[in-house]
Amino acid sequence: MNGLQASAVSLTLGRRTVLYGVDLGFARGRVTALLGPNGAGKSSLLACLAGLRTPDSGTATIDGEVIAALDGRMRGRRIGLLPQSGEVHWNVDVTTLVGLGRLPHRGRFGETEADRAAVERAMAATDVAHLADRAVERLSGGERGRVLLARVLAGEPEWLLADEPLASLDPAHQIDVLERLREVARAGAGVIVVLHDLNQAARVADDVVLLRDGHVVATGEAQAVLTAPLLAETYGVTVEIGRASDGRRFIVPLGRA
Amino acid sequence: MNRLTLWLLIGCVAAAALSVVAGKVWLPLDAWSAADPRSIIIVELRLPRTVLALVVGAALGLSGAVMQGYLRNPLADPGLFGVSSGAALGAVVSLFFGYAVSAYLLPAFALVGAATTMALLALIAGRSGSLMLFTLAGLIITSIGSSATALAISLAPTPFVASEIMTWLNGALTDRSWQDVELATPMIAAGAVLAAFLGRSLDALTLGEDAARSMGVNLGRLQLLVILSTSLCVAASVAAAGVISFVGLLVAHMVRPYAGHRPSAILLPSALGGALLLTLADAGVRLLPTVSELRLGIATAMLGGPFFFAMLIRMRRKLA
């Protein structure tokens, strides 16, 4: 039972059931993309895995331990969440913002040398070290996205869960962020990322989970899952899959199936 | 201790000294000896008033900073958004039962009033962090609170109706005694101790609720502590001095650029800044050449109102 595991996870929000008995396992050292149409339950699944929501039935576990039962700060050290909203409410400087990622590690008496070192590593890894003293409100959209990613990385979690980290980034910065996610996985952490862009998923993911209406349509290695029939079943669109000159696959939606 | 805190402390000491010396009657240092008849003015009038100004100012500054951090809203202030009105309503309602029951009845009722309004605010607007929802909720709560207070006073069998309305809806520190200091200080100290435990959670909320929870912040517990801390501070202030608005709004905003924008970093400076501001303002209203003393609550509103407008104008683009 190593890794993150969802066992028969069902979740109802209000009167709407958003996850129906989802069974999934995630491995460390790999990037898993969660894909599916709007309302498929991707963010809800991420919330269960991050411990923000307790499944109505079934369990989400980390190395066999029930995530919802973990102490909040211990959970925060192991599982880092990059929420979709990207909200920052106060105009703090970049170092302070990235330092917030150390909160689950911090004692009552402020920062330690280890905290500062982790913040520096995270800022170097996301290429924002030169922005250290910049106020958040003076960052461009791309810089802000990378700084928020640095915030999660500063906590040095075993698992990084990211909800649409590419929203509002231009192609160059999208590639940057995807490369960071790959590096995080290469360093041994597990990465689970919700994406909308099939091409980016094909680019970054080792494994892919396709969700639709709260059910898992398919799960497995990216090559095996990103196929025209499965994508048609998940999204209700016909797609054409080709190869770019560097051998990467690209996926073009043609129309509604 | 950083430089800002040190300067604010020095400022508080200087303001306190000024507050003891200044007034309709100036009391130079040689009036302090027990033989001098003026020493009774110092010990029984000026000193308690000065201490109360420091304590109430600190409470209002601190609770403003806590509210702003929790609600993620730089316009939050206990006086402007109903918490003080709730406390005033509670205090006025307690007058129906008479002072005879217990000296603690009034602050206890003020506490219930403040906690109820703060809980309402937190429940309506705390979770979403929505500026509009919070502002509208605060507006309604304030106007219900102050009209209910006016109603309660006009129903009360007291010959001093008009002056009572003035007391509760526009605070002042005139003629306060050591007894008021003794009532207010323990409650405010308790509120401040609670606030000291909130820093980390308020910092985490900078990133929104999901990120804060993912880092281990227990939002239910935080909400409860925020309600307790702010209502202890505000209830004690209102019980001792009536409603004084804008202090939290003003000082939190003024210290933020110097303390850094992290919510935990402005808690202590806001408390000290509030103490400084209120002590200076209270010495100021005594020195103004008015026939009867200008009420402190009116003075802070006259300072804070234009300031609030200036902030709104600067935030206009973001809000639109």
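Because the structure is a prediction, the values reported are computed rather than measured.

Draft legend 1. View of the overall build of chain A. Secondary structure summary: chain A contains 9 helices and 12 strands in total. Taken over C-alpha atoms, the radius of gyration comes to 18 Å for chain A, in line with the 18 Å a tight globule of 257 residues would show. For chain A, the spread of C-alpha atoms along the three principal axes comes to 55 × 45 × 30 Å. Here chain A holds 257 residues, and 52% of them are scored as buried. Counting only contacts in chain A whose residues sit at least 6 apart along the sequence, the fraction spanning at least 24 positions is 64%.

Draft legend 2. Structural view of the sheet that holds strand β6 (residues 79-82) of chain A. All names here are of chain A. Pairing is mixed across the open sheet formed by 6 strands, whose spatial order is β6-β7-β8-β3-β9-β10. Each edge of the open sheet is held by one strand with a lone partner, namely β6 and β10 (215-221). On average, adjacent strands in this sheet sit at an angle of 15 degrees to one another, irrespective of strand direction. Looking at chain direction, strand β3 (residues 31-35) and strand β8 (residues 190-194) are connected through 4 bridges and run parallel. Paired with Ala33 across the two strands is Val193, which belongs to β8. Packing against the sheet, helix α1 (residues 42-50) makes contact with β3, β6, β7 (159-163), β8 and β9 (207-212), and its axis sits at approximately 150 degrees to β7. Where helix α5 (residues 141-154) meets the sheet, it contacts β6 and β7, and its direction lies at approximately 170 degrees from that of β6.

Draft legend 3. Representation of the packing of α5(A) against helix α6 (residues 171-186) of chain A in the model. Residues and elements named next belong to chain A. Contact geometry for α5 and α6: axes closest at 10 Å, N-to-C directions at 10 degrees. In terms of axis orientation, α5 runs roughly parallel to α6. Crossing of α5 over α6 shows right-handed handedness. Contacts from Gly142, Arg146, Leu149 and Leu153 of α5 reach α6 at His173, Val177, Arg180, Leu181 and Val184. By residue class, the composition of the contact of α5 with α6 is 5 nonpolar, 2 polar and 2 charged.

Draft legend 4. The UniProt feature "transmembrane region" (unreviewed entry) in chain B, seen in detail. UniProt records the feature "transmembrane region" (unreviewed entry) for residues 47-67, 79-98, 104-124, 131-156, 224-252, 264-288 and 294-313 of chain B in the present numbering. Counted over residues 294-313 of chain B, helix gives 90% and strand 0%. Its end C-alpha atoms are 29 Å apart.

Draft legend 5. Spatial organisation of the pattern of salt bridges. Residues and elements named next belong to chain A. What the rule picks out here adds up to 23 salt bridges over all chains. Close ionic contact of Arg30 with Asp207 constitutes a salt bridge, the shortest N to O distance being 2.7 Å. Here Arg30 is found in the loop between β2 (16-26) and β3, whereas its partner Asp207 is found in strand β9, with 177 residues between them in sequence. Of the charged contacts in the structure, one is a salt bridge between Arg78 and Glu65, with a shortest N-O distance of 3.1 Å. Highlighted residues: Arg78 in helix α2 (residues 72-78) and Glu65 in strand β5 (residues 65-66), separated in sequence by 13 residues. A single network of salt bridges, built from pairs that share partners, joins Arg28, Asp63, Glu65, Arg78 and Glu158.

Draft legend 6. Examining the interface of chain A and chain B more closely. The interface of chain A with chain B comprises 28 residues on the first partner and 25 residues on the second. Taking both partners together, chain A and chain B bury about 2300 Å²; carbon and sulfur atoms supply 61% of that area. At the boundary of chain A and chain B, one finds 4 residue pairs in polar contact (both at pLDDT 80 or more). Elements with a contribution of two residues or more to the side of chain A that touches chain B: α2, β6, α3 (94-99) and α5 of chain A. Per-element tally for the side of chain A that touches chain B: the top contributor is α2(A), with 4 residues. Along the lines of polarity and charge, the residues of the side of chain A that touches chain B split into 12 nonpolar, 8 polar and 8 charged.

Draft legend 7. Seen up close, the side chain of His173(A). The residue His173(A) is located in helix α6 in this model. Not counting residues within four places of it along the chain, the set of residues in contact with His173(A) comprises Gly142(A) and Arg146(A).

Draft legend 8. Main features of the environment of Ala189(B). Here Ala189(B) shows up in helix α7 (residues 178-196). With 119 residues separating them in the primary sequence, Ala189(B) and Tyr70(B) have C-alpha atoms 20 Å apart.

Draft legend 9. A look at the confidence of the model for chain B. Residue-level pLDDT values for chain B average 86, and 92% of them are 70 or greater. For this predicted complex, the interface confidence score (ipTM) comes to 0.92, while the overall pTM stands at 0.90.

Draft legend 10. Highlighting helix α11 (residues 247-259) of chain B. Given a rise of 1.5 Å per residue, 13 residues ought to cover 18 Å, and the 17 Å separating the end C-alpha atoms of α11(B) matches this to within 8%. A positive backbone phi angle near 90 degrees is found at Gly260(B), which sits one or two residues after α11(B).

Draft legend 11. Focus on the nonpolar core. In terms of nonpolar packing, the biggest core is built from 143 residues, with Leu35(A), Leu97(A), Val98(A), Val208(A) and Leu222(B) touching the most fellow members. Excluding its chain neighbours within four sequence positions, the residues that come into contact with Leu222(B) are Tyr70(B), Leu198(B), Ser201(B), Leu202(B), Leu205(B) and Val217(B). Judged by nonpolar contacts, the second largest core, of 30 residues, contains Leu4(A), Leu11(A), Ile62(A) and Trp159(A).

Draft legend 12. Expanded view of the packing of helix α2 (residues 39-71) of chain B against helix α12 (residues 267-287) of chain B. Residues and elements named next belong to chain B. Packing of α2 against α12 leaves a shortest axis separation of 6 Å and a crossing angle of 140 degrees. Relative to α12, the element α2 is oriented oblique. Pair α2 / α12 crosses with right-handed handedness. Residue-level contacts link Arg46, Arg49, Thr50, Ala53, Leu54, Val56, Gly57, Ala58, Gly61, Leu62, Ala65 and Val66 of α2 to Leu267, Ser270, Ala271, Gly274, Ala275, Leu278, Thr279, Asp282, Val285 and Arg286 of α12.

Draft legend 13. Representation of a nonpolar patch on the surface within the structure. Residue and element names in this part refer to chain B. On the surface, Met132, Leu136, Leu139, Ile140 and Ile144 cluster together into a nonpolar patch covering about 540 Å² of accessible area. As for its placement among the helices and strands, Ile144 is situated in helix α5 (residues 131-155). Its relative accessible area of 53% is what places Ile144 among the exposed residues.

Draft legend 14. Structural view of helix α10 (residues 219-241) of chain B. Residues and elements named next belong to chain B. Between the first and last C-alpha of α10 there are 32 Å, a value that for 23 residues agrees with the 33 Å anticipated at 1.5 Å per step. With respect to burial, α10 is a largely interior element, 19 of its 23 residues being buried. Gly242 occupies a position one or two residues after α10 and carries a positive phi of about 80 degrees.

Draft legend 15. The arrangement of the pairing of strand β11 (residues 237-243) of chain A in detail. All names here are of chain A. Pairing of β11 with strand β12 (residues 249-256), which is carried by 7 bridges, proceeds in the antiparallel orientation. Note on β12: the bridge partner recorded for Thr238 is Gly255. The antiparallel pairing of β11 with β12 creates a hairpin that spans 5 residues between the two strands, and Gly247 there sits at a positive phi of about 95 degrees.

Draft legend 16. Main features of the packing of aromatic side chains. All names here are of chain B. Across all of its chains, the model carries 1 aromatic pair over all chains by this definition. Ring centres 6.4 Å apart and planes at 75 degrees place the aromatic pair Phe246 and Phe308 in the edge-to-face group. Taken together, the positions of Phe246 in the loop between α10 and α11 and Phe308 in helix α13 (residues 296-319) put the pair 62 residues apart, joining distant regions of the chain. As far as burial versus exposure is concerned, Phe246 and Phe308 are alike and both buried.

Rules of the game
Residues numbered from 1 in each chain as written. Chains lettered and ligands numbered in written order. Predicted model: local features only at pLDDT ≥ 70, side-chain atom pairs only at ≥ 80, totals over all residues. Heavy atoms only, no water. Helix = DSSP H or I, 4+ residues; strand = E, 2+ residues; numbered from the N terminus. Rg over C-alpha atoms; globule rule 2.2 N^0.38 Å. Buried < 20%, exposed > 50% of the residue type's maximum accessible area, 1.4 Å probe, protein only. Contact = heavy atoms within 4.5 Å. Pairing = 2+ DSSP bridges. Axes fitted to C-alpha atoms, helices over the stretch in contact; angles between N-to-C directions. Parallel < 35°, antiparallel > 145°, perpendicular 65-115°, else oblique. Left-handed = near helix turned anticlockwise from the far one by under 90°. Nonpolar A, V, L, I, M, F, W, Y, C, P; charged D, E, K, R; others polar. UniProt positions renumbered as here; feature names shortened; annotations may be inferred. Salt bridge = Lys/Arg side-chain N within 4 Å of Asp/Glu carboxyl O. Buried area = accessible area lost by both parts, 1.4 Å probe. Polar contact = N/O pair within 3.5 Å; in protein donor to acceptor, adjacent residues only side chain to side chain. pLDDT = per-residue confidence, 0-100. Expected span 1.5 Å × (residues − 1). Core = buried A, V, L, I, M, F, W, Y, C linked by side-chain atoms within 4.5 Å. Patch = residues over 30% accessible without salt bridge, like charges linked within 9 Å, V, L, I, M, F, W, Y side chains within 5 Å. Areas by Shrake-Rupley, 256 points an atom, 1.4 Å probe, with all protein chains shown as cover. Phe/Tyr/Trp six-rings, centres within 6.5 Å; stacked < 30°, edge-to-face > 60°.

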